[in-house]
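So you can see what is in the structure, the chains are spelled out below.
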Amino acid sequence: MKKDKSKRLSDWEKKFSKEVKIETSKEFFHETDEGININPLYTQEDLLDYTFNDIQTLPGEWPYTRGPKASMYTNRPWTIRQYAGFSTAEESNKFYRKNLEAGQMGLSVAFDLPTHRGYDSDDELVMGDVGKAGVAIDSVEDMKILFDGIPLDKMSVSMTMNGAVLPVLAAFIVAGEEQGLDRKVLSGTIQNDILKEFMVRNTYIYPPEPSMRLVADIIAYTAKEMPKFNSISISGYHMQEAGANNVQELAFTLADGMEYVRAALSKGLAVDDFAPRLSFFFAIGTDFFMEIAKLRAARTLWAKIMQDFGATNEKSLTLRTHCQTSGVSLTEKDPYNNIVRTSYEALSAVLGGTQSLHTNSFDEAIALPTEFSSRIARNTQLILQNETGVTNTVDPLAGSYFVEKLTEDICSAAWKIIEEVEELGGMTKAVAAGMPKLSIEESATKKQAKIDSGKQVVVGVNKFKNPKEPKIDVLVIDNEKVREDQITKISTLKKDRDDKILKGHLNKITEAAKDNTGNLLALSIEAMRARGTVGEVSKALEDAFGRHYATNVGVSGVYGKFFEKDEKFMDIQNKINIFEKEKGRRPRVLIVKMGQDGHDRGAKIVATSFADLGFDIDMGPLFQSPKDVAKDAIENDVHAIGVSTLAAGHKTLVPELMKSLNAIDKNNKIVVFVGGVIPEQDYQFLYDNNISAIFGPGTSILDSAEKVIELISKK
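1. Observations regarding the overall build of the protein
Line of reasoning, step 1. In terms of regular secondary structure, the protein is built from 27 helices and 16 strands.
Line of reasoning, step 2. A compact globule built from 715 residues would reach a C-alpha radius of gyration of about 27 Å, and the protein, at 26 Å, matches this within 12%.
Line of reasoning, step 3. Burial statistics for the protein: of 715 residues in total, 58% are counted as buried.
Line of reasoning, step 4. Partitioning the contacts of the protein with sequence separation of at least 6, the portion at a separation of at least 24 is 79%.

Pasting the structure below:
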């Protein structure tokens, strides 16, 4: 039989090789971004000698590759969540209640950037960010409005919060109490995953080590006081959004999880006392089978990791996860294609065995989602649950030669990275050394180079372009009105409270943080109950811990490798060389993020790729004000400033930058260009404020670089 099988395979290989006109099928494979070779055919021989993945296991059985529960969706489908929040608590509450009436099953709260970074809405540093990309929450009063009419004893609430995690979670707990509920009945999840903030998302406040104390205090408090509440959602989502490949996302996320387990153990907790409430959060991109195998691999590896920590409770050993379809896969060009992308990504998450799911709206590469686009995103999941039959059987792809082998390959590749992290002393030390951040930035730059060079097709962007782009209605937030409303609320709150009592609670927080005594979440609850604000509690901690400021370290040479002998690439290099000969120096560009938006993938890619082309690049620090950027640009005598925007702050921050430049130098000739998520309807507004060029999502780096050197040369 074996000889017959070998002959059959040999005959197939000859047929395949002849059809694709190569010497042998072994020459024909696809290498993924993860470095995994995808063969043109898989057979049962590929399933021999496994290290991680045992295909004989069943759903709900060790190591849970096939799912954390035996019944999976045949008993109850995954939870439909929509990550949403914008403007004021009142507006977000209306949106939540409509979605719940339309079939949504759980709430996922998006907070605005000032809240993430521990600033109140009346702080001058956040004037362009309030209510953009999330809801503004300054106090318990805002939290009560956010959940008005939504019973917190019946509704699971997920909150994406890491930097200002203590006052925000404390406000939620007090809001529940003031609904008449014991904290023990509150269910949901707080993200509380600070390590990934230092790697990719950057909404940190304090340095890594004291930040880890906050994580541990929350795990300890909720383990004792909130048995239905998940104390942490260990997140790989933002890693993939920042450019990590699937293996990196998986490995760094599980390594983060290991570090959080150690932090909880350091509080004297037994592993089975807290591990059942740990949860995860993964991104689901467009590589359909890779994403399915990643979720299967995640459960397999986590079970082994937790067994090594001494866990015996089945709930401690099973990885439960929320998933969200990719934001970075959404395109500004031909945006209705995004509905198709999101649908396949959602199906991938379901076939991989997620416990809850958020589907992105098709317009999120342009602006905040509208009610119309959000309905399509939500209905995508309702159709999957009710019309496709995917809930009728458990792990339907089990036994697929390809899926099983891919699961094993991902396990093996991820484990190598985890071992590398462990050799560095764990994730906190690896983050401090910059290892994860640099490897993710290199991966992001490679991906962009593949797209710009045409080696990776993005339909509607670099191939099969739509000659007539559709007009899309977008949601517009009046940032100034939202900020005015929040300032009024804060003023009323401060007028009605007892400042002496509050000050006592804030002092206790600072002293406990300095002395490493007490539980900081318990102390924050008392301060928020006394009507402290998110900014005041964050400042009390900052007085003890200080604020963290990251240093920029970029990759080089990665983008340029994909364009050897490319005519356009060399033409741009030639224009830069001519400029240098004429002016005596290379064109100098300052790349910046302004306001509190820490998503710096786009800015980093522009900086590294422009440097490979020959520009002299300065990378500004995160969280600068327009005045700071203008001062740096003039002092460093740059020819151009590239502003990266994501969180809709461009209409406030960019005009302020132009005013600041002109205030310093009335003869200012600096070219200012803007990139990021900017609705087309705002383009003229920016041009009226003397912006020289706008590059939306999906713009080729080469196209933008060519335009920038032409603009600089004309000045």
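2. Side note on the sheet that holds strand S12 (residues 588-593)
Line of reasoning, step 1. Strand order in the open sheet formed by 5 strands is S13-S12-S14-S15-S16, with parallel pairing between adjacent strands. Unpaired on one side and paired on the other, strand S13 (616-619) and strand S16 (693-695) mark the two borders of the sheet. Looking at each pair of strands side by side, their axes are set apart by 20° on average, direction ignored.
Line of reasoning, step 2. Here S12 runs beside strand S14 (residues 640-645); their pairing, made up of 5 bridges, is parallel. Counted as the bridge partner of Lys 593 is Ser 644 from S14.
Line of reasoning, step 3. Taken strand by strand, helix H23 (residues 601-613) contacts S12, S13, S14 and strand S15 (671-676), and its axis lies near 155° from that of S13.
Line of reasoning, step 4. Packed onto the sheet, helix H27 (residues 701-714) meets S12, S14, S15 and S16 and runs at close to 170° relative to S16.

3. Structural notes on the environment of Phe 545
Line of reasoning, step 1. With respect to the helices, strands and loops of the structure, Phe 545 is situated in helix H21 (residues 534-545).
Line of reasoning, step 2. C-alpha separation for the pair Phe 545 and Tyr 206, spaced 339 residues apart in sequence, amounts to 6.2 Å.
Line of reasoning, step 3. If sequence neighbours within four positions are ignored, Phe 545 has contacts with Tyr 206, Pro 207, Pro 210, Leu 214, Ala 513 and Leu 520.

4. Here we look at the packing of aromatic side chains
Line of reasoning, step 1. Evaluation of the coordinates by the stated rule reveals 22 aromatic pairs.
Line of reasoning, step 2. Consider the rings of Trp 12 and Phe 16, whose centres lie 5.0 Å apart with planes at 25°: the pair is stacked. One end of the pair, Trp 12, and the other, Phe 16, are both in helix H1 (residues 2-20), 4 residues apart, so they sit about a helical turn from each other.
Line of reasoning, step 3. Members of the aromatic cluster, joined through ring pairs, are Tyr 42, Phe 288, Phe 289 and Phe 402.
Line of reasoning, step 4. A cation over a ring is seen here: Arg 117 above Phe 623, with NZ or CZ 3.5 Å from the ring centre.
Line of reasoning, step 5. Geometry around Phe 685 places Lys 651 over its ring, the cationic atom sitting 5.2 Å from the centre.

5. Looking at the side chain of Ser 187
Line of reasoning, step 1. Locating Ser 187 in the fold gives a position in the loop between helix H5 (165-177) and strand S6 (188-190).
Line of reasoning, step 2. Judged by relative accessible area, Ser 187 falls into the buried class, the value being 14%.
Line of reasoning, step 3. Those residues in contact with Ser 187 that lie beyond four places of it in its chain are Leu 152, Met 155, Ser 156, Val 157, Lys 228 and Phe 229.

6. Quick word on the nonpolar core
Line of reasoning, step 1. One finds Leu 250, Phe 252, Leu 254, Trp 302, Ile 410 and Met 427 to be the most contacted residues of the largest nonpolar core, which totals 78 residues.
Line of reasoning, step 2. A per-element tally of this core places helix H9 (residues 246-265) first, with 11 residues.
Line of reasoning, step 3. Not counting residues within four places of it along the chain, the set of residues in contact with Met 427 comprises Leu 195, Met 199, Phe 252, Ala 255, Asp 256, Glu 259, Val 421 and Pro 436.
Line of reasoning, step 4. In this structure, Ala 164, Val 174, Leu 506 and Met 528 belong to the second largest nonpolar core, which totals 55 residues.

7. Notes on the pairing of strand S9 (residues 278-284)
Line of reasoning, step 1. Across the 7 residues of S9, 7 count as buried, placing the element largely inside the fold.
Line of reasoning, step 2. Burial of S9 is two-sided: the residues Leu 278, Phe 280, Phe 282 and Ile 284 facing one way and the residues Ser 279, Phe 281 and Ala 283 facing the other way are all buried.
Line of reasoning, step 3. Relative to S9, strand S8 (residues 232-235) runs parallel, the two sharing 4 bridges. In the strand pairing of S9, Ser 235 is matched with Phe 281.
Line of reasoning, step 4. Sheet analysis places S9 next to strand S10 (residues 321-325), joined by 5 bridges and oriented parallel. What sits directly across from Ala 283, in S10, is Gln 324.

8. Here's the deal with unusual backbone geometry
As a rule of thumb, non-glycine residues mostly have phi less than zero, and peptide bonds are mostly trans rather than cis.
Line of reasoning, step 1. Put simply, Trp 62 and Pro 63 share a cis peptide bond, and its omega is 0°.
Line of reasoning, step 2. Inspection of the secondary structure assignment puts Pro 63 in the loop between strand S2 (37-38) and strand S3 (79-84).
Line of reasoning, step 3. A positive phi angle, near 65°, is found at Phe 623, a position not held by glycine.
Line of reasoning, step 4. Along the chain, the position of Phe 623 falls in the loop between S13 and helix H24 (626-635).
Line of reasoning, step 5. With a phi angle near 70°, Asn 690 is a residue other than glycine that sits in the positive phi range.
Line of reasoning, step 6. Mapped onto the elements of the fold, Asn 690 is located in the loop between helix H26 (683-688) and S16.

9. Examining the pairing of S14
Line of reasoning, step 1. Burial analysis of S14 places 6 of its 6 residues in the buried class, the great majority of the element.
Line of reasoning, step 2. Burial of the side chains of S14 extends over both faces: Ala 640, Gly 642 and Ser 644 are buried on one face and Ile 641, Val 643 and Thr 645 on the other.
Line of reasoning, step 3. Judged from the 6 bridges that link them, S14 and S15 form a sheet pairing that is parallel. Counted as the bridge partner of Gly 642 is Phe 673 from S15.

10. Let's talk about a nonpolar patch on the surface
Line of reasoning, step 1. A contiguous nonpolar surface patch, about 270 Å² in accessible area, is contributed by Val 457, Val 459 and Phe 464.
Line of reasoning, step 2. If you trace the backbone, Val 459 turns up in the loop between helix H17 (435-453) and helix H18 (479-496).
Line of reasoning, step 3. Assessed through its relative accessible area of 37%, Val 459 is described here as partly exposed.

11. Comments concerning the side chain of Glu 404
Line of reasoning, step 1. Along the chain, Glu 404 turns up in helix H15 (residues 401-423).
Line of reasoning, step 2. Side-chain polar atoms of Glu 404 contact the backbone nitrogen of Gly 399, separated by 2.9 Å.

12. So, the pattern of salt bridges
Line of reasoning, step 1. Applying the stated criterion across every chain yields a total of 49 salt bridges.
Line of reasoning, step 2. With a closest N to O distance of 2.9 Å, Arg 531 and Glu 178 form a salt bridge. One end of the pair, Arg 531, is in the loop between helix H20 (520-529) and H21; the other, Glu 178, is in the loop between H5 and S6, and 353 residues separate them in sequence.
Line of reasoning, step 3. Classification of Arg 531 as buried rests on a relative accessible area of 14%.
Line of reasoning, step 4. For Glu 178, a relative accessible area of 37% puts it in the partly exposed group.
Line of reasoning, step 5. We note a salt bridge from Lys 593 to Asp 597, for which the minimum N-O separation is 2.8 Å.
Line of reasoning, step 6. The network of salt bridges with shared partners includes Glu 177, Arg 183, Lys 184, Glu 225, Glu 526 and Arg 529.

So, how was this worked out
Residues numbered from 1 in each chain as written. Predicted model: local features only at pLDDT ≥ 70, side-chain atom pairs only at ≥ 80, totals over all residues. Heavy atoms only, no water. Helix = DSSP H or I, 4+ residues; strand = E, 2+ residues; numbered from the N terminus. Rg over C-alpha atoms; globule rule 2.2 N^0.38 Å. Buried < 20%, exposed > 50% of the residue type's maximum accessible area, 1.4 Å probe, protein only. Contact = heavy atoms within 4.5 Å. Pairing = 2+ DSSP bridges. Axes fitted to C-alpha atoms, helices over the stretch in contact; angles between N-to-C directions. Phe/Tyr/Trp six-rings, centres within 6.5 Å; stacked < 30°, edge-to-face > 60°. Lys NZ or Arg CZ within 6 Å of the ring centre and 35° of its normal. Core = buried A, V, L, I, M, F, W, Y, C linked by side-chain atoms within 4.5 Å. Patch = residues over 30% accessible without salt bridge, like charges linked within 9 Å, V, L, I, M, F, W, Y side chains within 5 Å. Areas by Shrake-Rupley, 256 points an atom, 1.4 Å probe, with all protein chains shown as cover. Salt bridge = Lys/Arg side-chain N within 4 Å of Asp/Glu carboxyl O. Polar contact = N/O pair within 3.5 Å; in protein donor to acceptor, adjacent residues only side chain to side chain.

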